[in-house]
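Residues per chain are reported as follows:
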Amino acid sequence: TPKSNAPKKTGRGKRARGEKPRPPHPALKYLPPPENLVALPAPWARALAAAPPLPDTPPVAAAYYFPPPFVLVDMDDKTGRYAHNWLRLRTFARQRLIDLTIDGEPLRIGEWRDALYGEYAVPEDAAPPPEKTYTKAQSATYTRKLGLRRLFANAGGLPSYDAGCTPEWCGTPVTAERARTDANLRAELLWELHGVNWRCELRDLDRLMLGDRAGGAEETFLKWDRLGAVARVWGGRGGLSVFPRYPDAPAPDLWGKTPSEVLTARRDRLGALIDVLSRWPGCPQELWQFQKDKVSKANLETILKGEEEAIGFYVRCFTLRFSRLPVSPCFPPTHNS
């Protein structure tokens, strides 16, 4: 008998006495990633760890433009399948962020897991089950799952996952076994997930903090100018620079790991971030002292203080608006032998 695609009824009553509480979720509580896969800049790690407590059941579902990095950190069979299939999905995932004819809205964590698992077949009888049998929430989940399958199968032109496929990474075919076991490859994929999510999230939060109004040519020009200002935070030029390229990684001088002799690039990044934050409501007065004319002359100690204040303010604003932790930038991976 073929498996039904209808959602299963589940009991979600109160937790039984003596049952262990659920472990903290990485979208809601900072859990340091495996050191051999992801290296976070120290000020980002501290800001994420110091974020205010978030509710176990957020008022809005956590959604991400690229898969949240924490779904790919385990080196096991299931996550190996996710990583292998992600290599097939990358091109379409990038396309949907810049092609206005494709739904480019961020996807929920469960939707990304479904997408990465790779079952895109849509049953002939795809109508949602009757609400007399299933709750409205279960029917809505089922409808979203079918919509997701159609998105990747139709708009993306992707067949369901086949473990025998060999998608390419940096011009080299990748087998399912390598996707499961190669820590260096996984570190490279995680670096990209961190980079794209962080850049898209900064762009979104900036729009929310300033108010994204639709308007005429003048406002369109101002939006372009603003996108340029946001892109300068990661050393880019415009909205399309949200996609970092591996191995053409940006200089590894972001937010705190550089020797003092390359402090100029670090000043530039901090100055660009403060330029963006300074227009947000509630920007701390302490950041005003780090405006361009002073950042350009700041010593390492001053830069460290500015990074702590700016990144902490960004994380607080993000958690308040999105009810989850932001994705941070991370250092380009250092390969292990």
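How each quantity is defined
Residues numbered from 1 in each chain as written. Predicted model: local features only at pLDDT ≥ 70, side-chain atom pairs only at ≥ 80, totals over all residues. Heavy atoms only, no water. pLDDT = per-residue confidence, 0-100. Helix = DSSP H or I, 4+ residues; strand = E, 2+ residues; numbered from the N terminus. Contact = heavy atoms within 4.5 Å. Core = buried A, V, L, I, M, F, W, Y, C linked by side-chain atoms within 4.5 Å. Buried < 20%, exposed > 50% of the residue type's maximum accessible area, 1.4 Å probe, protein only. Phe/Tyr/Trp six-rings, centres within 6.5 Å; stacked < 30°, edge-to-face > 60°. Lys NZ or Arg CZ within 6 Å of the ring centre and 35° of its normal. Arc of directions from axis to C-beta.

With respect to the confidence of the model for the chain
Inference 1: Mean pLDDT over the chain: 83, with 82% of residues reaching 70 or higher.
Inference 2: When the elements of the chain are averaged for pLDDT, helix α9 (residues 292-295) gives the smallest value, 64, and helix α5 (residues 176-181) the largest, 98.
Inference 3: Low pLDDT (under 50) marks residues 1-13, which in the prediction has 15 contacts with non-local residues, meaning those over four places away or in another chain.

Brief notes about the nonpolar core
Buried together is how nonpolar side chains tend to be arranged in soluble globular proteins.
Inference 1: Ranked by internal contacts, the top residues of the largest apolar core, which has 83 residues, are W86, F152, W280 and Y314.
Inference 2: Tallying contributions element by element places helix α6 (residues 183-210) first for this core, with 12 residues.
Inference 3: Dropping the residues within four chain positions of it, W280 is found in contact with L202, L205, D206, M209, L210, R226, F313, Y314 and C317.

Some words on the packing of aromatic side chains
Inference 1: Counted according to the given criterion, the structure contains 13 aromatic pairs.
Inference 2: Seen in terms of ring centroids, W44 and Y314 are 5.7 Å apart; in terms of plane orientation they differ by 75 degrees. Their pairing is edge-to-face. Within this pair, whereas W44 is found in helix α1 (residues 42-49), its partner Y314 is found in helix α10 (residues 300-322), the two being separated by 270 residues in sequence.
Inference 3: Taking relative accessible area as the criterion, W44 reaches 0% and is therefore assigned buried.
Inference 4: Both rings, one in F66 and one in W86, keep their centres 5.0 Å apart while their planes meet at 75 degrees; by these two values the pair is edge-to-face. Of this pair, F66 sits in the loop between β1 (63-64) and α2 (77-98) while W86 sits in helix α2, placing them 20 residues apart in sequence. You'll find F66 and W86 in the same group, each marked buried.
Inference 5: Against the face of F243 rests R94, its NZ or CZ located 4.4 Å from the ring centre.

Considering helix α3 (residues 109-117)
Inference 1: Along α3, the residues classified as buried are I109, E111, W112, A115 and L116. The arc that holds the buried residues of α3, viewed along the axis, is 160 degrees, so those residues lie on one side.
Inference 2: Where α3 is buried, its residues touch β1, α2, β2 (107-108) and α4 (136-155).

Some thoughts on the side chain of S328
Inference 1: Take S328: it is sitting in the segment after α10.
Inference 2: Aside from chain neighbours lying at most four places away, what touches S328 is L40, W44, L48, H194 and W198.

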